[in-house]
Amino acid sequence: MLVPALALVLLTVPAISARAQGEEVPRGPTFAARALQALIDGIQFGVIIAITSVGLSLIFGTIHLINFAHGEFVTIGATFAFFLNVSAAGPGWHLIPAALAAVVFGALLGGAVDRGIWRPLRARGTGLINMFIVTIGLSLVLRHVVLVLYGTRPASYAQYDIQSTIDLGPAGITPRDLTVTLLAVLVLLGIAALLQKTRIGTAVRAVSANRDLAEASGIDVQRVVLFVWMLGGALAALGGVFFGLVEIVTWDMGFKLLLLMFAGIILGGLGSAYGAMVGSLVIGVVAQMSTLWFPVDLQYAWALLVLIVVLLVRPQGILGRAERVG
Amino acid sequence: MAADPVVSRTGRLSAIDPEPGVRKPDPLLVLDEVTRTFGGLVAVRVEHLEVQRGAITALIGPNGAGKTTLFNVVSGFDRADGGRWSFDGQSLTGAPAHRVARRGMVRTFQLTRTLARLTVLENMLLAAPGQRGERVLPALLRPLWRGQERELERRAGELLDRFRLGPLRDDHAGTLSGGQRKLLELARALMARPVMLLLDEPMAGVNPALTQSLLGHITQLRDEGLTVCFVEHDMDVVMGISDWVAVMADGHLVAEGPPHTIGRNAAVVDAYLGKRHDEPEASEEKGEED
Amino acid sequence: MDFSAILSDALRSGIGPIAAVYALAAMGLNLHFGYTGLLNFGQVGFMLVGGYGLAITVSTYDGPMWLGVLGGIACAIVLALLLGLPTLRLRADYLAITTIAAGETLRLFYRSSWAEPVTGGVFGLQRFANDFYELSPIDPGTYGVWLVRFSSRDLWVMIVGWALVLVVGGLMALLIHSPWGRVIRSVREDEVAARSLGKNVYAYKMQSLVLGGVIGAVAGMMQAIQVQSVNPDNYDPGVTFFLYTLLVLGGAGRILGPVVGSILFWFVLSFLDSALRQAIDAEYISPDLISTSEVGAVRFALVGVALILLVAFRPQGILGSRKEMLLSGR
């Protein structure tokens, strides 16, 4: 309901404003081709954001904490894989084992944050607002440690770098990007299966829905929370590697993505994993398709505007329940 | 004038028909077809309810009957899905919570909401309506509100003394015991110059001694002309001080009447006990088969 | 290691113009977060519109400085209204995300090639501060005592900056200790209770947002004047994080918290910066571990650690009361 409305607005407003400025509204196959390309790029972008933001949404769903450091989990995943893959000081593995190792490292990092920071502070009675500030401190630390270790120079992975595009009609996609997109979709389906079919997944959904009730029915909430942190870390790391593959690896890539992740999970419904997937996909598409009419350097801004509009019109998001958000 | 107000008020109440939705001789709050649904489930559907001015009305019913939801809707803390209500002749339908309070309908909460880092006195002063100093520009000019503030401090002091909270006036409200918080919430509500008090389970979690004290305060307030409507589970409390009782079940108003008629009312028994009074017949049948 | 140089740098930072700017911005944030309980993570956005408001009026449109000041303040008010309308009815965490997003969105718009004719795009704007410096009664030269010396320009900015801090501090004290301030604090404690007592919580939140935002905008103007340029990359979310750190350090919800916090924050940060650089130069710390160009990043990381430790062990900050922090259940 909201999505088609937004799409309609996005498609008509720029066209109207372009016309008002006296420019010609682009027509014909060239525009359609560009639009198709932007759509493909958008889907690709969107599924990667989706992988990274699912963890963020699940963490919020279970412990009501917005993990500001989630962007750094993404960057650390990408740069850890870079270290294993490209760095002169590293072992020079092929990207695939390096990526897997990065995912494991991401899971461990998430677990370390749960055990080392979240749990002890909660035990001391630190409230949610202060915990939120702690995650900001954590993001500052992690981001700048990465900066010191990785440096400011953007770089790519050793494999799959230059490729020729496969034609999909008037648009194109490299085999690498296509594989990444398909893998990302598979991972998302895997998460859905995890949440619906496995015991731990059901436990996660139960804790998200009603923590006290879940605890009363015998679910070990602490274990579920640890699982969610580790899963979030692993997914963020994977998303980081994917993003580094299709774009580039930089020290602040995760931080830049963080706001898009927020936009995605709020659009989809804060606390809902499926909402995160849908919302992120929409955000990715909006960001890429905005380049059809507006300068590239504004694409993130459009995504953020969507966020603000959603909060105005339907704060619980697409899939969120209409419960009180205020 | 000559007649004792209590007798004439309760006398007038006992003269009316104990039917749900019955009209009252001098209603302060009137509800019409108030509906609230949550995703398909009807939480409240009250066709007609009138609350008598100057009387203590109890709103009872089993858990999930919709009493607190009705409170929340009428006091502006939740939106209604349908219906209208008026207070003292003026419509209050859909009015936000702060406007409801300004009109004179002040509510308290089941779990006390003290403003922990404000002192007891500040809690009281906050409640007073019509403060010049609460607007941002006059606030900057102390002489504009100083006199009013002194007057309010005096009135607050009197109320605090009445509730035996005087010595605590400069303590942070967060350091008060549970019972003291209940008293503070009541005193604070009075500071807001209410015409009607909506008390949501005022005795919840309160020890017997304090319960008596609170009951005494509430009765005294009624005698001074205040209208009180409260939600309560404790039947002794209800029977003890109410002038009128309304019973809800499954979101509907199922019975109304003076306290002594409610216990015998078949609809009320049904509401609380469900179908259990059917069971003896079933087991009798079983016994006969064996 | 030249400790007098390190100390000199630290002292100059602690009382210098930047500390004044951040103290001012943090005072606005203190009104939002410390007193009203609003999780505004977009305070840098207010600094941006304030600084740019001044710069655009003077540099792009050749207006006088006083008009630029008014323009910056007007932009802040508009921003607060636009921000507040959708978000003030939402929960604290939604407000946090939205305000960060808004701040970043603004920055990206001001930075874009689209806006370049007005805002200077990626390059920003310069040459708008001359009127300010011409007002200075201080003769050119350096002034100071002992280790602490400032140029006449910096001194002028400092004087105006700290004077503004004083004025705003006084206004805040008047407001907070008034019935208006009492309502604001009640919004922080329990807005449901405040509404049940007849207070229009939404209106009070909006007033707080506007006031604190205007204070932030004025801080942004002072910063722009001090650096004599506005550049979008100077207004990233990192600034808001610094503000929160120094606010929590000094004590949120205390009038002087932002002042104490800013002075101490910049003192320590500068101390560390100088000490680290010197240690690397003197090879106490190997340049392989940290090179001098990375000192900035190390500083940020240390700020992050400080924030975590502060919140964990002394969330009430220097001036706050532990008792009250415990009562708040934050």
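Residues numbered from 1 in each chain as written. Chains lettered and ligands numbered in written order. Predicted model: local features only at pLDDT ≥ 70, side-chain atom pairs only at ≥ 80, totals over all residues. Heavy atoms only, no water.

Of chain C, the UniProt comment under Subcellular location (unreviewed entry) reads exactly: "Cell membrane". (UniProt positions renumbered as here; feature names shortened; annotations may be inferred.)

One UniProt comment on chain A, placed under Subcellular location (unreviewed entry), says "Cell membrane". Among the UniProt annotations of chain A, the heading Sequence similarities (unreviewed entry) holds the following wording: "Belongs to the binding-protein-dependent transport system permease family. LivHM subfamily."

Draft legend 1. Representation of the overall build of chain C. A count of helices and strands for chain C gives 14 helices and 4 strands. For 330 residues, the compact-globule estimate of 2.2 N^0.38 gives 20 Å, and chain C sits close to it at 20 Å. Considered along the principal axes of its C-alpha atoms, chain C spans approximately 65 × 50 × 40 Å. When burial is assessed residue by residue, chain C has 62% of its 330 residues classed as buried. Considering only intrachain contacts with a sequence separation of at least 6, the fraction spanning at least 24 residues in chain C is 77%. On chain C, roughly 12,200 Å² of surface is accessible, and the fraction owed to carbon and sulfur atoms is 64%. Each charge sign in chain C was given a centre, from 21 positive and 21 negative side chains, and these centres are 14 Å apart. (Helix = DSSP H or I, 4+ residues; strand = E, 2+ residues; numbered from the N terminus. Rg over C-alpha atoms; globule rule 2.2 N^0.38 Å. Buried < 20%, exposed > 50% of the residue type's maximum accessible area, 1.4 Å probe, protein only. Contact = heavy atoms within 4.5 Å. Areas by Shrake-Rupley, 256 points an atom, 1.4 Å probe, with all protein chains shown as cover. Lys, Arg positive; Asp, Glu negative; His and termini not counted. Charge placed at Lys NZ, Arg CZ, Asp CG, Glu CD.)

Draft legend 2. Spatial organisation of the sheet that holds strand 2 (residues 41–52) of chain B. All names here are of chain B. Pairing is antiparallel across the open sheet formed by 4 strands, whose spatial order is 2-1-4-5. Every other strand in the sheet has two partners, leaving strand 2 and strand 5 (90–91) as the edge strands with one partner each. Here helix 2 (residues 67–74) sits on the sheet in contact with strand 1 (27–38), strand 2 and strand 4 (82–87), set at roughly 110° to strand 1. (Pairing = 2+ DSSP bridges. Axes fitted to C-alpha atoms, helices over the stretch in contact; angles between N-to-C directions.)

Draft legend 3. Inspection of the sheet that holds strand 3 (residues 56–60) of chain B at higher detail. Residues and elements named next belong to chain B. Pairing within the open sheet is mixed, and its 6 strands lie in the order 6-7-8-3-9-10. Every interior strand has two partners, whereas the edge strands, strand 6 (105–107) and strand 10 (252–257), have only one. Sheet twist, expressed as the mean angle between neighbouring strand axes with direction ignored, is 20°. As paired strands, strand 7 (residues 196–200) and strand 8 (residues 227–231) are joined by 5 bridges and run parallel to one another. Its bridge partner being in strand 8, Leu-198 is matched across the sheet by Cys-229. Contacts from helix 8 (residues 208–223) reach strand 3, strand 7 and strand 8, with the element oriented near 130° to strand 3.

Draft legend 4. Quick look at the pairing of strand 7 of chain B. Residues and elements named next belong to chain B. Within strand 7, 5 of the 5 residues are buried, which leaves the element mostly enclosed by the surrounding structure. Of the two faces of strand 7, the one carrying Met-196, Leu-198 and Asp-200 and the one carrying Leu-197 and Leu-199 are both buried. Between strand 7 and its parallel partner strand 8, the chain crosses via helix 8, and the hand of that crossover is right-handed. (Right-handed = clockwise from strand over helix to strand, strands pointing away.)

Draft legend 5. How the structure looks around the UniProt feature "transmembrane region" (unreviewed entry) in chain A. Residues and elements named next belong to chain A. Those places that UniProt annotates as "transmembrane region" (unreviewed entry) correspond, in this numbering, to residues 46–66, 73–89, 95–113, 125–150, 178–195, 224–246, 258–286 and 298–317. Helix makes up 76% of residues 73–89 and strand 0%, whereas the separation of the span's terminal C-alpha atoms amounts to 22 Å. Secondary structure across residues 125–150 divides into 88% helix and 0% strand, with the first and last C-alpha atoms of the span separated by 36 Å.

Draft legend 6. A look at the UniProt feature "transmembrane region" (unreviewed entry) in chain C. Residues and elements named next belong to chain C. Feature annotation in UniProt assigns "transmembrane region" (unreviewed entry) to the following positions: residues 14–31, 38–59, 65–85, 155–176, 209–227 and 295–313. Secondary structure over residues 14–31 splits into 94% helix and 0% strand, and the C-alpha atoms at its two ends are 23 Å apart. Helix makes up 100% of residues 209–227 and strand makes up 0%, while its end C-alpha atoms are separated by 27 Å.

Draft legend 7. A look at the interface of chain C and chain A. Taken together, the contacts link 46 residues of chain C with 44 residues of chain A. Together chain C and chain A conceal approximately 4,100 Å² of surface at their shared face, both sides included; 80% is due to carbon and sulfur atoms. Counting every contact that joins chain C to chain A gives 0 salt bridges. Along the contact surface separating chain C from chain A lie 1 residue pair in polar contact (both at pLDDT 80 or more). Among the elements that take part in the side of chain C that touches chain A, helix 5 (residues 92–111) of chain C stands out by supplying 13 residues, more than any other. (Buried area = accessible area lost by both parts, 1.4 Å probe. Salt bridge = Lys/Arg side-chain N within 4 Å of Asp/Glu carboxyl O. Polar contact = N/O pair within 3.5 Å; in protein donor to acceptor, adjacent residues only side chain to side chain.)

Draft legend 8. A nonpolar patch on the surface, seen in detail. Residues and elements named next belong to chain C. On the surface, Leu-256, Leu-264, Val-268, Ile-318 and Leu-319 cluster together into a nonpolar patch covering about 380 Å² of accessible area. Position of Leu-319 relative to the elements: it lies in the loop between helix 13 (295–313) and helix 14 (322–328). In this structure Leu-319 comes out as partly exposed when scored by relative accessible area, which is 32%. (Patch = residues over 30% accessible without salt bridge, like charges linked within 9 Å, V, L, I, M, F, W, Y side chains within 5 Å.)

Draft legend 9. Main features of unusual backbone geometry. Residue and element names in this part refer to chain B. The phi dihedral of Asp-88 is positive, around 55°, even though this residue is not glycine. Secondary-structure assignment places Asp-88 in the loop between strand 4 and strand 5. Even without glycine at this site, Glu-201 takes up a positive phi of about 50°. With respect to the secondary-structure elements, Glu-201 resides in the loop between strand 7 and helix 8.

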